[in-house]
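Descriptive analysis of the structure
So you can see what is in the structure, the chains are spelled out below.
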Amino acid sequence: MILDLDIGNTLSKWRLKDAESSEIRSRGAVWTREEWRPGADIPDLDVVEAVRISSVARAAVLDETVTLLRRQVRQVFVAHSQPEALGVVNGYDEPGRLGVDRWMGALAGYQLAGGCCAVDCGSAITIDFVLPGGVHLGGFIIPGLRLMKESLKLGTRNVAIDPESEADALLEPGRRTVDAVNHGIYMAAVSAINRIYSEVCDQQGISLPMLLTGGDARVVSRGVQVPHAVWPDMVYGGLEASFPLTFAERAGKMSGAPRVPEPVSLEKIRAALAFSMLL
């Protein structure tokens, strides 16, 4: 089995993948903490022959995890942001300072779509652009839905936005404080994503496919106005592309990869952008 780990600031996500068939056997998530210990919420390392890790947690958390895993697993691969990989040129002035989860998303999106807008809706919402030639432009970071809620300090942080809510309802004025908060931060998040996408596509003169991932991707997706696909395993896709271990991965296949959405024309993007500027 192959264990893939996506260690975030809030959650550590994992999945077990069959090394022969490339099928996903199980998956889960635990709170990121100081010490990563196998238990009821962690897969049995006795069946694991290789581990691939993407981590944005503190260095001590990653070091502890790697030390533990190397005692029991033959191969441990740790992803790092690089100046260039898999045809993508890192757009940061200091490439190593780009969050590795964003780098994995950029690599996965490029392998799948040959250029994309990769949006990760986690604790923060990150929006990265990769042009068809492999140039990573850099990106944008805004507070995620939960982080925005916490900043208001109104006692609503634990009341999540219903992922099944219709976007139209979420964009109406709230009649209770909790609804006003939820609708306000939702409007802020989706409006930022829509505007950033349009502005960058206009500047670059190209319409790019958009891919969404992260814990809040499903609810954010409802308010995104351009064609897009939700890819929960996008960071894992970057790990697969960076460290291919199965026959399918070596052939360029990434588990759970969605159909690439056909982007709208650049003319429509520019028309919508021009209209929004008149309002």
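As annotated in an unreviewed UniProt entry, the protein carries the name Type III pantothenate kinase and comes from Vreelandella aquamarina.

**Considerations on the nonpolar core**
Of all hydrophobic cores here, the largest spans 31 residues; its most connected members are Val119, Ile127, Phe129, Ile193, Tyr197, Met210 and Val220. Contributing elements (two or more residues each) for this core: strand 8 (116-121), strand 9 (124-130), helix 3 (145-152), helix 5 (177-204), strand 11 (210-213), helix 6 (217-221) and helix 9 (266-278). Among the elements that take part in this core, helix 5 stands out by supplying 10 residues, more than any other. Leaving out residues up to four positions away in the same chain, valine 119 has contacts with Ile125, Thr126, Ile127, Ile193, Met210, Leu211, Leu212, Thr213 and Met234.

**Here's the deal with the sheet that holds strand 4 (residues 50-55)**
Taken in spatial order, the five strands make up an open sheet running 3-2-1-4-5, and their pairing is mixed. The open sheet is flanked by strand 3 (24-31) and strand 5 (75-78), the only strands paired with a single partner. Along the sheet, successive strands turn relative to each other by an average axial angle of 15°, direction set aside. Taken together, the six bridges between strand 1 (residues 2-7) and strand 4 define a ladder with parallel strand orientation. Opposite leucine 3, over in strand 4, you have valine 51 as the bridge partner.

**A word on the sheet that holds strand 11**
Judged by pairing direction, the sheet is mixed, and its five strands sit side by side in the order 10-9-8-11-12 without closing on themselves. Unpaired on one side and paired on the other, strand 10 (136-143) and strand 12 (228-230) mark the two borders of the sheet. In this sheet, neighbouring strand axes are inclined to one another by 15° on average, regardless of whether the strands run parallel or antiparallel. With six bridges connecting them, strand 8 and strand 9 associate as antiparallel partners. When the sheet's bridge partners are listed, aspartate 120 is paired in strand 9 with threonine 126. Docked against the sheet, helix 2 (residues 100-113) engages strand 8, strand 9, strand 10 and strand 11, running at close to 140° with respect to strand 8. Each of strand 8, strand 9, strand 10 and strand 11 touches helix 5; the most contacted strand, strand 9, lies at about 15° to it.

**Observations concerning the packing of helix 2 against helix 7 (residues 234-242)**
Each pair of packed helices can be described by the angle between their axes along with the distance between the axes. Taken N-terminus to C-terminus, the directions of helix 2 and helix 7 make an angle of 75°; their axes are 7 Å apart at the nearest point. When the axes of helix 2 and helix 7 are compared, the pair comes out roughly perpendicular. Listed contacts from helix 7 to Asp101, Met104, Gly105, Leu107, Ala108 and Gln111 of helix 2 are Met234, Val235, Gly237, Gly238, Leu239, Ala241 and Ser242.

**Points about empty space enclosed by the protein**
Under the counting rule described, the total for this entry stands at one cavity of 30 Å³ or more. Empty space within the largest cavity amounts to approximately 40 Å³. Among the secondary structure elements, those contributing two or more residues to the lining of the largest cavity are helix 2, strand 8, strand 9 and helix 7. The leading source of residues in the lining of the largest cavity is helix 2, at four residues. Its residues placed into classes, the lining of the largest cavity shows four nonpolar, three polar and four charged.

The rules behind each value
- All residue numbers refer to positions counted from 1 along the written sequence of the respective chain.
- For this predicted model, a pLDDT threshold of at least 70 governs which residues receive local features, and a threshold of 80 or more governs which side-chain atom pairs are given and counted, while totals over whole chains, interfaces and linings are taken from all residues.
- Only hydrogens and water are removed before side-chain values are computed, so all heavy atoms of the structure are retained for them.
- Each nonpolar core is a collection of buried residues, namely Ala, Val, Leu, Ile, Met, Phe, Trp, Tyr and Cys, held together in the definition by side-chain atoms within 4.5 Å.
- Three labels apply to residues, based on accessible area from a 1.4 Å probe with only protein chains included: buried if under 20% of the type maximum, exposed if over 50%, partly exposed otherwise in between.
- A helix here means a DSSP run of H or I that spans at least four residues, while a strand means a run of E at least two residues long, and both kinds are numbered starting from the N terminus.
- Residue contacts are counted whenever heavy atoms from the two residues lie within 4.5 Å of one another.
- A pair of strands is considered paired only if DSSP assigns at least 2 bridges between the two.
- Structural elements are reduced to axes, namely lines fitted to C-alpha atoms, with helices fitted over the stretch in contact, and the angle between N-to-C directions of any two is expressed from 0 to 180 degrees.
- Roughly parallel covers angles under 35 degrees, roughly antiparallel covers those over 145, roughly perpendicular covers 65 to 115, and oblique covers all other angles.
- Grid points spaced at 1 Å over the protein atoms alone were grouped into cavities, where a 1.4 Å probe fits but cannot get out, and pockets, open sets with protein on both sides within 12 Å along at least five of seven lines, with lining residues defined by an atom within 4 Å of a point.
- Grid points are joined across faces, edges and corners, and a volume is the space filled by probe spheres set on the points.
- Classes in brief: Ala, Val, Leu, Ile, Met, Phe, Trp, Tyr, Cys and Pro nonpolar; Asp, Glu, Lys and Arg charged; the others, Gly included, polar.

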